[in-house]
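Chain by chain, the residues run as shown.
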Amino acid sequence: DAKTTQPTSMDCAEGRAANLPCNHSTISGNEYVYWYRQIHSQGPQYIIHGLKNNETNEMASLIITEDRKSSTLILPHATLRDTAVYYCIVRGRGSARQLTFGSGTQLTVLP
Amino acid sequence: GAVVSQHPSRVICKSGTSVKIECRSLDFQATTMFWYRQFPKKSLMLMATSNEGSKATYEQGVEKDKFLINHASLTLSTLTVTSAHPEDSSFYICSARDGSSPNNEQFFGPGTRLTVL
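All residue numbers refer to positions counted from 1 along the written sequence of the respective chain. Chain letters and ligand numbers both follow the written order, the letters beginning at A and the numbers at 1. Two thresholds apply to this predicted model, a pLDDT of at least 70 for residue-level local features and 80 or more for giving and counting side-chain atom pairs, whereas whole-chain, interface and lining totals are computed over all residues. Only hydrogens and water are removed before side-chain values are computed, so all heavy atoms of the structure are retained for them.

Visitor: Which residues make up the pairing of strand β6 (residues 61–64) of chain A, and what are the values?
Guide: All names here are of chain A. Paired strands, as defined in this entry, are two strands with at least two bridges between them according to DSSP. Numbered from the N terminus, helices here are DSSP runs of H or I no shorter than four residues, and strands are runs of E no shorter than two. With two bridges joining them, strand β5 (residues 55–56) and β6 adopt antiparallel strand pairing. Residue pairing across strands places glutamate 55 opposite leucine 62, the latter belonging to β6. In this structure, the hairpin formed by β5 and β6 is closed by a connection of four residues. As defined by bridge partners, β6 adjoins strand β7 (residues 70–75) across four bridges and the pair is classed as antiparallel. Counterpart to isoleucine 64 in the pairing with β7 is serine 71. The hairpin turn running from β6 into β7, its antiparallel successor, is five residues long, and arginine 68 in that turn takes a positive phi close to 65 degrees.

Written as structure tokens, this is what we have:
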């Protein structure tokens, strides 16, 4: 699975959009970008995934650059409950391998 | 979505005792389950992978005789920390893969906080 690079931490004001970047310059053609988050003392929670098109669900939007070397997770209206560590993971969609977590980005939503 | 449960959610034990943590897939059959460990302010680290009915595969540096894993059914895996010591205090998270899903989706339990005194 390709390596990802994320900023260590970010702050965001409550009610504003939170934009979390991820670099994955070695991503291969059949690898998807997955985003998970982990609220303190809980298990990871799936957010969204995509291949090359932008994706949106009830939790977030995922913007993937045309060259697929980077992506941005967007939480359109961040709330205090969105404070968590956000992990960007690249892997093949049907991969039988386990999910491997990097350091992630600690997002703190400020009141 | 699929649900994975863990029990107990937190446990405190004395040094030298053994602790068993259960992981269950509630609405799907998990052919593979993964056990992760997370120390404070660190990321999740894979400890072992278990396939139903076969021996677990441990990651380098994880003692198989200390962390006993049993995956006897398609909905239950257990992790037993034998002769626990304070350095084993950690957050243990299981994950289960839906065997019927062509996407091999992986779902996570809520975690178990182990404190060894």
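What follows picks up the thread again.
Visitor: Quick rundown of the sheet that holds strand β7 (residues 67–73) of chain B? Include the residues and the values.
Guide: All names here are of chain B. Spatial ordering of the open sheet is given by β1-β3-β8-β7, a layout of four strands whose pairing is antiparallel. Strand pairing shows two members of the sheet lacking a second neighbour, β1 (4–7) and β7, which therefore form its edges. Neighbouring strand axes in the sheet, compared pairwise and without regard to direction, differ in orientation by 15 degrees on average. Of the pairings in the sheet, the one linking β7 to strand β8 (residues 76–81) comprises five bridges and is antiparallel in character. When the bridges of β8 are listed, isoleucine 69 appears paired with leucine 79. Helix axes use the C-alpha atoms of the stretch in contact, all axes being lines fitted to C-alpha atoms, and the angles between their N-to-C directions lie in the range 0 to 180 degrees.

Visitor: Quick one: what's the story with the state of the cysteines, residue by residue and with numbers?
Guide: Cysteine sulfurs are considered disulfide-paired once they come within 2.5 Å of each other. According to the stated counting rule, one finds two disulfides over all chains in the structure shown. Between the sulfur atoms of cysteine 22 of chain A and its disulfide mate cysteine 88 of chain A the distance is 2.1 Å. Residues cysteine 22 of chain A and cysteine 88 of chain A are joined through a disulfide that is left-handed, its torsion about the S-S bond being -80 degrees. Of the two residues, cysteine 22 of chain A sits in strand β2 (residues 18–23) while cysteine 88 of chain A sits in strand β8 (residues 84–92), which places them 66 residues apart along the sequence. Of all cysteine sulfurs in the structure, the one in cysteine 22 of chain A sits closest to cysteine 12 of chain A, which takes part in no disulfide; the separation is 18 Å. Its sulfur unpaired, cysteine 13 of chain B is 18 Å from the next cysteine sulfur, which belongs to cysteine 94 of chain B.

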